[in-house]
Amino acid sequence: MSAFDTQGFVDSLKERVSNPFLFTFSWLFVVWNWKAFGWFMFEPLKFSLKLERFQYTGLELYFWWPLIMTFLVVVFGHSLNNFAELCKRFWDLVLAWFFKRVGWRDYVPSDELDKALEESNALKYKNRELERDLDLALDENKRLKSEAAKLQESSAAPTEVEDIEEAEEAEEAEEAEELEEAEELEEAEELEEVEAF
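Residues numbered from 1 in each chain as written. Predicted model: local features only at pLDDT ≥ 70, side-chain atom pairs only at ≥ 80, totals over all residues. Heavy atoms only, no water.

Our next topic: the confidence of the model for the protein. In this model, the protein carries an average pLDDT of 76, and 77% of its residues clear a pLDDT of 70 or more. The weakest mean pLDDT in the protein belongs to helix α4 (residues 47-54) at 65; the strongest belongs to helix α7 (residues 110-154) at 87. (pLDDT = per-residue confidence, 0-100. Helix = DSSP H or I, 4+ residues; strand = E, 2+ residues; numbered from the N terminus.)

Here it is, written out as structure tokens:
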């Protein structure tokens, strides 16, 4: 037997075992016909002699009962997988009805409780972040206020020299404006004289 044939046999076996119907039928066929399989496995004759003498043993191979049982197991077996979940949901409904009947309005189903706890934890985390940001902003505000107070103290009282300098600058600006106005008037008069000729 080559490696390719062996791999094909293994793949075929895996496919049959992975199919729920074929696997269940094979298992039930062996269990239902256990006497015949036991005779074939443990009889000390050659396989060819076993096949010839099997018909005289009085053992029968049953095919239809394992097939019917396979259908029942496959159909009802898959519905039994969800039986625990169905029982849990039924019990939750009965418990909710009982609490409603008794008047306990504080009952919360476990799914809603888990969801509420997750939301509560998320909000607590967000609240801690906001409090941290607020503390940082308040610290920054205090620092800026103290710097502003220091700057205001250093320039709070102007000296007399600064007042005098500011007054002189204002007077110089007024004189410069008067000079400009006078020059403009002279230019305007000269233009009128030129136009008059």
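Let us keep going from here.
A cluster of nonpolar residues, Trp32, Tyr62, Phe63, Trp64, Trp65, Ile68, Leu72, Val75 and Phe76, forms a patch on the protein surface that exposes about 980 Å² of accessible area. With six residues, helix α5 (residues 64-81) is the largest single contributor of residues to the nonpolar patch. Tracing the backbone through its elements, the reader meets Phe76 in helix α5. (Patch = residues over 30% accessible without salt bridge, like charges linked within 9 Å, V, L, I, M, F, W, Y side chains within 5 Å. Areas by Shrake-Rupley, 256 points an atom, 1.4 Å probe, with all protein chains shown as cover. Salt bridge = Lys/Arg side-chain N within 4 Å of Asp/Glu carboxyl O.)

What follows deals with α5. Its 18 residues place the ends of α5 26 Å apart at the C-alpha level, agreeing with the 26 Å of an ideal helix rising 1.5 Å per residue. Among the residues making up α5, those that are buried are Pro66, Leu67 and Thr70. Tucked inside the fold, the buried residues of α5 contact α2 (20-32). (Expected span 1.5 Å × (residues − 1). Buried < 20%, exposed > 50% of the residue type's maximum accessible area, 1.4 Å probe, protein only. Contact = heavy atoms within 4.5 Å.)

Scanning all chains against the criterion turns up five salt bridges. A salt bridge links Lys88 to Asp92; the nearest nitrogen and oxygen atoms lie 3.5 Å apart. Here Lys88 pairs with Asp92, and both are found in helix α6 (residues 83-102), just four residues apart, close to one helical turn. Residue Lys88 is classed as partly exposed on the basis of its relative accessible area of 38%. Here the residues in one salt-bridge network are Glu140, Arg143 and Glu147, joined through shared partners.

This part is about the side chain of Thr70. Summarising the element assignment, Thr70 is placed in helix α5. With residues near it in sequence (within four places) discarded, Thr70 still touches Phe21, Thr24, Phe25 and Leu28.

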